[in-house]
Amino acid sequence: MIDSTLTESQTQYEELRTVARRHPWRWVSALLALAAGLAIVWAFATSPNLQWGEVGSYLTAGSVIDGIGLTVLLTVVAQGIGIVGGIVLAVMRRSSNPVLKTISGLYLWIFRGTPVLIQIIFWYNLALVFPAVALHIPFTSIGFSVATNSLITPVAAAIIALGLNEAAYMAEIVRGGLISVEQGQSEAAATIGMTGGQAMRHVILPQALRTIVPPTGNELINMLKNTSLVSVIAARELLTASQQIYGVNYLVIELLIVASIWYLALSTVASLAQSYLERRLQVVLRVRQQPWTTRAVKYLASLRSPAHLPSDGTS
């Protein structure tokens, strides 16, 4: 009787079919969005006022290629300054020294609270405040003086402004990564004799990379696009090169499309590099399963082992 009841229930259960709920409006909205997108693309592609042949010819123009080179240079150098400065500011922010902590807080308040465009213009016009940069040894005639305009060129002003501004944002990213590491890691590093600097380099920062790397990649892409702001000081990066060309031939939209294509290409390369770096980081973290403190202990123990001690010739 029990077997027959179970068989009947099983048969009824097998006859039940799960039918997905239909959502016709999803398909309608998707088709409408696709149609609108295609209509916009078609309108640009068939517009008689756009000379697509000129777009193709200017993609590899010499001045445009030179502008791309300066754009990449500004991005790499300014982002490097931002990363190094961000690490220093984040460590200062976490310091128990009230002076360093206050200086870091003021730096973040100023550079995050003012537009980067104003900062670019400010550094470019620094000569209005300091016409010359001089360094002299007091009570002697030894020293030198350099005109600020010859020292702060458009490229130098762009690097300084973008790098210092990026340092303020990287400081918060690094600080967030450091906060994500458990406090016990620092205490464990201290118990094995590590100084604060050693613990930061060998224990805290390596673990914080998992949290720091993804937003840093996003900041790199933002930096790539922010380099276009230096066009206001006539630094010959990609946008400035395009502007100078359409200032002569009046092909404004065509040259802006050229610049957009190159920005998209560079951003795509940066995104792929970010994805690769994140995957490699995950692989390293999976392979190295031991805690960082455990490896630090082994490393310090290896330094104290007899094999690393100086030999005095005795057995």
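See the structure shown above.
Heads up: these notes are all about the structure in this document. Small disclaimer: the values here were computed from a predicted structure and weren't measured. (Residues numbered from 1 in each chain as written. Predicted model: local features only at pLDDT ≥ 70, side-chain atom pairs only at ≥ 80, totals over all residues. Heavy atoms only, no water.)

**Here we look at the environment of Ile68**
So, point 1. Structurally, Ile68 can be placed in helix H4 (residues 62-93).
So, point 2. A relative accessible area of 9% means that Ile68 is categorised as buried.
So, point 3. Sequence separation between Ile68 and Leu239 is 171 residues, and the spatial gap between their C-alpha atoms is 8.9 Å.
So, point 4. When residues no more than four places from it in sequence are discounted, the contact partners of Ile68 are Leu238, Trp262 and Leu266. (Helix = DSSP H or I, 4+ residues; strand = E, 2+ residues; numbered from the N terminus. Buried < 20%, exposed > 50% of the residue type's maximum accessible area, 1.4 Å probe, protein only. Contact = heavy atoms within 4.5 Å.)

**Some details on unusual backbone geometry**
So, point 1. The residue Ala234 is not glycine, and still its phi comes out positive at about 65°.
So, point 2. Looking at Ala234, the relative accessible area reads 47%, which means it is partly exposed.
So, point 3. The phi dihedral of Tyr250 falls on the positive side, at around 65°, and the residue is not glycine.
So, point 4. In this structure, Tyr250 sits in the loop between helix H11 (238-249) and helix H12 (252-287).
So, point 5. Residue classification places Tyr250 among the exposed residues on the basis of a relative accessible area of 67%.

**A few points about a nonpolar patch on the surface**
So, point 1. On the surface, a cluster of nonpolar side chains totalling about 360 Å² of accessible area is made up of Val72, Leu73, Val76, Val77 and Ile81.
So, point 2. Positionally, Val72 belongs in helix H4.
So, point 3. The exposure class assigned to Val72 is partly exposed, which follows from its relative accessible area of 34%. (Patch = residues over 30% accessible without salt bridge, like charges linked within 9 Å, V, L, I, M, F, W, Y side chains within 5 Å. Areas by Shrake-Rupley, 256 points an atom, 1.4 Å probe, with all protein chains shown as cover. Salt bridge = Lys/Arg side-chain N within 4 Å of Asp/Glu carboxyl O.)

**Quick word on the packing of aromatic side chains**
So, point 1. Summed over all chains, the structure comprises two aromatic pairs.
So, point 2. Taken together, a centroid distance of 4.3 Å and an interplanar angle of 25° make the contact between Tyr107 and Phe111 stacked. In this pair, Tyr107 and Phe111 are both assigned in helix H5 (residues 98-113), four residues apart and thus about one turn of the helix distant.
So, point 3. Owing to a relative accessible area of 14%, Phe111 belongs among the buried residues under this scheme. (Phe/Tyr/Trp six-rings, centres within 6.5 Å; stacked < 30°, edge-to-face > 60°.)

**Brief notes about the side chain of Glu237**
So, point 1. With respect to the helices and strands, the residue Glu237 is situated in the loop between helix H10 (196-226) and H11.
So, point 2. Buried charged residue Glu237 carries no salt bridge. Nearest counter-charge: Arg236, at 9.2 Å.
So, point 3. A polar contact is formed between the side chain of Glu237 and the side chain of Tyr263, at a distance of 3.4 Å.
So, point 4. The contact partners of Glu237, leaving out residues within four places of it in the chain, are Gly67, Leu70, Thr71, Leu74, Thr227, Ser228, Val230, Ser231 and Tyr263. (Lys, Arg positive; Asp, Glu negative; His and termini not counted. Polar contact = N/O pair within 3.5 Å; in protein donor to acceptor, adjacent residues only side chain to side chain.)

**Let's talk about the packing of H4 against H11**
So, point 1. Put simply, H4 and H11 touch, their axes get as near as 7 Å, and they point 155° apart. Considering their axes alone, H4 and H11 lie roughly antiparallel with respect to each other. Contact with H4, carried on its side by Ser63, Val64, Gly67, Ile68 and Thr71, involves Leu238, Ala241 and Ile245 of H11 and no other residues of that element.
So, point 2. Taken together, the residues of the contact of H4 with H11 break down into five nonpolar, three polar and no charged. (Axes fitted to C-alpha atoms, helices over the stretch in contact; angles between N-to-C directions. Parallel < 35°, antiparallel > 145°, perpendicular 65-115°, else oblique. Nonpolar A, V, L, I, M, F, W, Y, C, P; charged D, E, K, R; others polar.)

**Things to note about the pattern of salt bridges**
So, point 1. All told, the structure shown has two salt bridges when counted by the stated rule.
So, point 2. The residue Glu172 makes a salt bridge to Arg175 at a minimum N-O spacing of 3.0 Å. Of this pair, Glu172 and Arg175 both sit in helix H8 (residues 154-180), three residues apart, which is roughly one turn of that helix.
So, point 3. Beyond isolated ion pairs, a larger network of salt bridges with shared partners links Arg112, Glu172 and Arg175.

**Structural notes on the packing of helix H9 (residues 183-191) against H10**
So, point 1. Relative to each other, H9 and H10 sit at 155°, their axes nearing to 10 Å. It follows from the interaxial angle that H9 and H10 lie roughly antiparallel. In this structure, the crossing between H9 and H10 has a hand that is right-handed. Side by side, H9 and H10 meet where Gln185, Ser186 and Ala189 of the first sit next to Ala199, Val203, Ile204 and Gln207 of the second.
So, point 2. Looking at the contact of H9 with H10, its residues break down into four nonpolar, three polar and no charged. (Left-handed = near helix turned anticlockwise from the far one by under 90°.)

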